[in-house]
Amino acid sequence: MREIVRSGSDLVVPLECGGCSAPGVRWCADCAATLSDDPFLLRPRVEIGVDAWALGRYRGTYRAALIAMKEHGRRDLTVPVGTALARGVATLARWGELPDADDLTLIPAPTRRSSARRRGGDPVAAFSRVAATRLGARVRVSELLVTTARARDSAGLDARHRVRNLSGAVTLRRARVAPRGTIVLVDDVLTTGATASESVRVLARHGCALHAVIVVAGA
Ligand SMILES: [Zn+2]
């Protein structure tokens, strides 16, 4: 009985900001302001072949929000993160970096099916859908890429080993929504660029030309 009471109390998650742990709010005004930064160009160690943009650096608010969303079940954070992504895409369009941002396909970077299931669905796909809704009727999400069981979790691997780990492990699946218009790969974090590089290669082999990569945070 004591066991049950204890595990029951663990379910009561205190209301706090997903970016800075401020009490009483799910997402505070300061963190919302931080996630409004202009996107900037990354220089990944692995050659991707297209421009890779980040909304911020993988630290502080960005890091906390992504970890809370992915590891601590804060699915509500897909809304502020998706809103930030939409703002970033709109900024890049205004800068002329995306050829036709009104007709846009967001492709979430591949996740392993098992890990996505464990987390209750892929958070990258979830915040991409939030962004698409914000960006308009001709912006869509195509969940085209998947990582096969051959790829191990890349945490702790260096750039060379990440590339080797992913080689041949990213595949296309049948997506309900076919990509068209300007095509952008979306991910939460870009570390070495290995996932993005392999995704670009696989998409290109199937006649799908990516225009850019946009991530929430560059490592
Ligand atoms: Zn906050």
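### Thoughts on the packing of helix 4 (residues 78-94) against helix 6 (residues 123-135)
Then step 1. Where helix 4 meets helix 6, the closest approach of the two axes is 7 Å, and the angle between their N-to-C directions is 55°. One element, helix 4, and the other, helix 6, form an angle in the oblique class. Considering the relative orientation of helix 4 and helix 6, their crossing is right-handed. Residues Thr78, Val79, Val81, Gly82, Thr83, Leu85, Ala86, Val89 and Ala90 of helix 4 pack against Pro123, Ala126, Phe127, Ser128, Val130, Ala131, Arg134 and Leu135 of helix 6.

### Side note on the coordination of the zinc ion
Then step 1. For the zinc ion, the full set of protein donor atoms is Cys17 (SG), Cys20 (SG), Cys28 (SG) and Cys31 (SG), and the range of their distances to it is 2.3 Å.
Then step 2. Each of the four donor atoms around the zinc ion contributes to a set of angles spanning 106 to 114°, which defines the coordination as tetrahedral.
Then step 3. Here the donor residues of the zinc ion are spaced in sequence according to C-x2-C-x7-C-x2-C. You can see Cys17 sitting in the loop between helix 1 (2-10) and helix 2 (29-34) and its partner Cys28 sitting in the loop between helix 1 and helix 2, a full 11 residues away along the chain. Across this residue pair, the class does not change: Cys17 and Cys28 are buried.

### Considerations on empty space enclosed by the protein
Then step 1. Throughout the structure, instances matching the rule amount to two cavities of 30 Å³ or more.
Then step 2. The volume enclosed by the largest cavity comes to roughly 40 Å³.
Then step 3. Contributing to the lining of the largest cavity are Leu35, Ser36, Asp37, Asp38, Pro39, Leu55, Ala84, Arg87, Gly88 and Thr91.
Then step 4. Per-element accounting of the lining of the largest cavity gives the leading share, four residues, to helix 4.
Then step 5. Residues belonging to the lining of the largest cavity are distributed by class as follows: four nonpolar, three polar and three charged.
Then step 6. In this structure, the second largest cavity occupies an estimated 30 Å³ of space.
Then step 7. Around the second largest cavity, the lining residues are Pro108, Ala109, Thr111, Asp122, Ala125, Glu143, Leu145 and Arg173.
Then step 8. Class assignment of the residues belonging to the lining of the second largest cavity gives a composition of four nonpolar, one polar and three charged.

### A short note on unusual backbone geometry
Then step 1. With phi around 65°, Ser21 is a residue other than glycine that occupies positive phi space.
Then step 2. The residue Ser21 is located in the loop between helix 1 and helix 2 in this model.
Then step 3. Judged by relative accessible area, Ser21 falls into the partly exposed class, the value being 42%.

### Digging into the sheet that holds strand 4 (residues 139-141)
Then step 1. Pairing is mixed across the open sheet formed by six strands, whose spatial order is 1-2-8-7-3-4. In this open sheet, the two edge strands, each paired with only one partner strand, are strand 1 (40-41) and strand 4.
Then step 2. One ladder, built from two bridges, connects strand 1 with strand 2 (residues 51-57); its direction is antiparallel. Of the residues in strand 2, the one forming a bridge with Leu41 is Trp53.
Then step 3. Each of strand 2, strand 7 (182-190) and strand 8 (212-218) touches helix 3 (residues 60-71); the most contacted strand, strand 8, lies at about 95° to it.
Then step 4. Of the strands in this sheet, strand 3 (104-108), strand 7 and strand 8 touch helix 8 (residues 194-205), which is tilted by about 155° from strand 7.

Rules behind the numbers
- Residues numbered from 1 in each chain as written.
- Predicted model: local features only at pLDDT ≥ 70, side-chain atom pairs only at ≥ 80, totals over all residues.
- Heavy atoms only, no water.
- Axes fitted to C-alpha atoms, helices over the stretch in contact; angles between N-to-C directions.
- Helix = DSSP H or I, 4+ residues; strand = E, 2+ residues; numbered from the N terminus.
- Parallel < 35°, antiparallel > 145°, perpendicular 65-115°, else oblique.
- Left-handed = near helix turned anticlockwise from the far one by under 90°.
- Contact = heavy atoms within 4.5 Å.
- Donors = N, O, S within 2.8 Å, 3.2 Å for Na, K, Ca; no water.
- Tetrahedral: all angles 85-135°; square planar, octahedral: opposite > 155°, others 65-115°.
- Buried < 20%, exposed > 50% of the residue type's maximum accessible area, 1.4 Å probe, protein only.
- 1 Å grid on protein atoms, 1.4 Å probe; cavity = no way out; pocket = protein on both sides within 12 Å on 5 of 7 lines; lining within 4 Å.
- Points joined across faces, edges and corners; volume = space filled by probe spheres on them.
- Nonpolar A, V, L, I, M, F, W, Y, C, P; charged D, E, K, R; others polar.
- Pairing = 2+ DSSP bridges.

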